[in-house]
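Letter by letter, the chains look like this.
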Amino acid sequence: MEGKPVCSHCSGRAVYLDRESGTHLCSQHLKESVQARVLNRIIQEKPLPDKFGVAFSGGKDSTALLAVLVALKEKIPSRLIALTVDEGIGGYREETIRHARDVCSRLNVEHRIITFPDLFGLSLDDFMKNSSRKACTICGILRRRALEVLADQEGVHLLATGHNQDDHAQTTLMNAFSADIKKVFAGSGRTSQFARRIKPFAAVSEREVTLYAILSDLFIDLPECPYASDAFRGEVRRLLNRFEQEHPGSMRNLAHAEEEIRSRLKGKVQLQPLENCKVCGWSGSGEICQVCTVLKEQKNKNNSSTGQ
Ligand SMILES: [Zn+2]
Ligand SMILES: [Zn+2]
């Protein structure tokens with residue numbers, strides 16, 4: 001009779017198989033393995049700041065990240081603070097915000113929320129009325145600024161996001177497919193003007209992240225954002241998942257390749273210097289930053305709809 005698979009490190013029941021190495025892991029050893037990889041990323045950030053921020057959407061990735069960081073509390077001396085942006089998306093955000101508050105109170109982590117209406121005067125739903133732009137483009141631009149404002153308000157100089165290895169591999173391939181070589185060199189998100197950004201889950205697969213959230217008893221199946229419609233990413237995700245099935249380790253290699261390219265080219269590729277926006281003064285990649293461009297479009301839209 002064939003028994004249940006056993007952990008490769010102890011006699012515990014295995015919950016995870018690393019197909020690349022053929023290693024089975026029990027719940028405890030999976031958690032330790034994820035924690036070790038996250039710690040390894042974080043200790044490269046020297047010196048560690050007094051306050052360590054987590055961009056906390058309330059979704060499974062950032063929930064798992066918060067749980068890992070709480071488990072590593074003894075090894076990371078910084079004070080942890082969770083920063084949430086409420087974009088104002090009716091019928092979706094209320095539930096994820098509720099979950100976010102609940103997770104922070106259960107993990108005993110300080111939590112701050114900033115809302116689009118507070119910062120920009122309008123919710124994402126408002127912005128999207130009669131808009132020809134994609135919701136994810138506008139939301140991405142505004143959410144990034146909102147996080148920077150919140151990080152600045154809270155004195156956070158290091159900000160961790162929940163991007164996992166699969167996200168990383170997808171982005172790498174998407175940049176390559178669209179020949180966006182500048183992004184491959186620079187990374188998709190530059191360091192913001194106040195807080196350095198890190199991705200502690202860059203070497204942790206999406207399956208491991210999800211399992212971590214489940215094993216920590218923090219996973220709940222949340223509704224998907226009604227605006228989510230990145231068809232291209234969806235296609236790349238399916239392609240990569242299939243490829244990973246056939247060739248275990250591909251995802252990891254692809255995510256790693258991008259970091260390798262970037263580290264080898266450090267200082268050799270001239271990136272366009274950041275400029276200060278003429279309207280709001282924040283640093284960006286043009287005379288007028290993307291946030292001010294979005295706000296101006298909105299104003300023009302309102303004027304034309306009221307006949308002014
Ligand atoms: Zn074990
Ligand atoms: Zn601006």
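Just so we're clear, the structure is a prediction, and the values are computed from it rather than from any experiment. (Residues numbered from 1 in each chain as written. Chains lettered and ligands numbered in written order. Predicted model: local features only at pLDDT ≥ 70, side-chain atom pairs only at ≥ 80, totals over all residues. Heavy atoms only, no water.)

**Focus on the overall build of the protein**
Argument step 1. Broken down by element type, the protein carries twelve helices and nine strands.
Argument step 2. Taken along the three principal axes of its C-alpha coordinates, the protein extends 80 × 45 × 40 Å.
Argument step 3. Within the span of the protein, comprising 308 residues, buried residues form 42% of the whole.
Argument step 4. In the protein, the share of contacts with a sequence separation of at least 24, taken over all contacts with a separation of at least 6, comes to 74%.
Argument step 5. A total of about 17000 Å² of accessible surface is found on the protein, and carbon and sulfur atoms cover 49% of it.
Argument step 6. Each charge sign in the protein was given a centre, from 43 positive and 38 negative side chains, and these centres are 3 Å apart. (Helix = DSSP H or I, 4+ residues; strand = E, 2+ residues; numbered from the N terminus. Buried < 20%, exposed > 50% of the residue type's maximum accessible area, 1.4 Å probe, protein only. Contact = heavy atoms within 4.5 Å. Areas by Shrake-Rupley, 256 points an atom, 1.4 Å probe, with all protein chains shown as cover. Lys, Arg positive; Asp, Glu negative; His and termini not counted. Charge placed at Lys NZ, Arg CZ, Asp CG, Glu CD.)

**Describing the coordination of the zinc ion (ligand 1)**
Argument step 1. Bound to the zinc ion (ligand 1) are the protein donor atoms Cys7 (SG), Cys10 (SG), Cys26 (SG) and His29 (ND1), situated 2.0 to 2.3 Å from the metal.
Argument step 2. Note that the zinc ion (ligand 1) binds four donor atoms; their angles at the metal cover 100 to 114°, and the shape is tetrahedral.
Argument step 3. Linear spacing of the donor residues for the zinc ion (ligand 1) on their chain is C-x2-C-x15-C-x2-H. Residue Cys10 is located in the segment before β1 (14–18), and its partner His29 is located in helix α1 (residues 27–42); the two are separated by 19 residues in the primary sequence.
Argument step 4. Residue class for Cys10 comes out partly exposed when judged on its relative accessible area of 31%. (Donors = N, O, S within 2.8 Å, 3.2 Å for Na, K, Ca; no water. Tetrahedral: all angles 85-135°; square planar, octahedral: opposite > 155°, others 65-115°.)

**Structural notes on the layout of surface pockets**
Argument step 1. In this model, the second largest pocket occupies a volume close to 720 Å³.
Argument step 2. If you trace the second largest pocket, you find 29 residues lining it, with Tyr16, Gln165, Ser205, Glu208 and Arg252 closest to the centre.
Argument step 3. A total of five residues in the lining of the second largest pocket trace back to one element, the largest contributor, which is helix α11 (residues 250–264).
Argument step 4. For the lining of the second largest pocket, the class distribution of residues is eight nonpolar, nine polar and twelve charged. (1 Å grid on protein atoms, 1.4 Å probe; cavity = no way out; pocket = protein on both sides within 12 Å on 5 of 7 lines; lining within 4 Å. Points joined across faces, edges and corners; volume = space filled by probe spheres on them. Nonpolar A, V, L, I, M, F, W, Y, C, P; charged D, E, K, R; others polar.)

**Here's the deal with the pairing of strand β4 (residues 79–86)**
Argument step 1. Counting buried residues along β4, seven of its eight residues qualify, which places the element largely inside the surrounding structure.
Argument step 2. With five bridges connecting them, strand β3 (residues 51–55) and β4 associate as parallel partners. Its bridge partner lying in β4, Gly53 is registered against Ile81.
Argument step 3. Crossover handedness for the path β3 to helix α2 (residues 60–71) to β4: right-handed. (Pairing = 2+ DSSP bridges. Right-handed = clockwise from strand over helix to strand, strands pointing away.)

**Some details on the coordination of the zinc ion (ligand 2)**
Argument step 1. Taken together, the protein ligands of the zinc ion (ligand 2) are Cys277 (SG), Cys280 (SG), Cys289 (SG) and Cys292 (SG), with distances of 2.3 Å.
Argument step 2. One can describe the site at the zinc ion (ligand 2) as tetrahedral: its four donor atoms subtend angles covering 106 to 113° at the metal.
Argument step 3. Summarised as a motif, the one-chain spacing of the donors to the zinc ion (ligand 2) is C-x2-C-x8-C-x2-C. One end of the pair, Cys280, is in the loop between β8 (275–276) and β9 (283–284); the other, Cys292, is in helix α12 (residues 290–305), with twelve residues separating them in the sequence.
Argument step 4. Overall, the relative accessible area of 32% leaves Cys280 in the partly exposed class.
Argument step 5. By relative accessible area, which is 11% here, Cys292 ends up buried.

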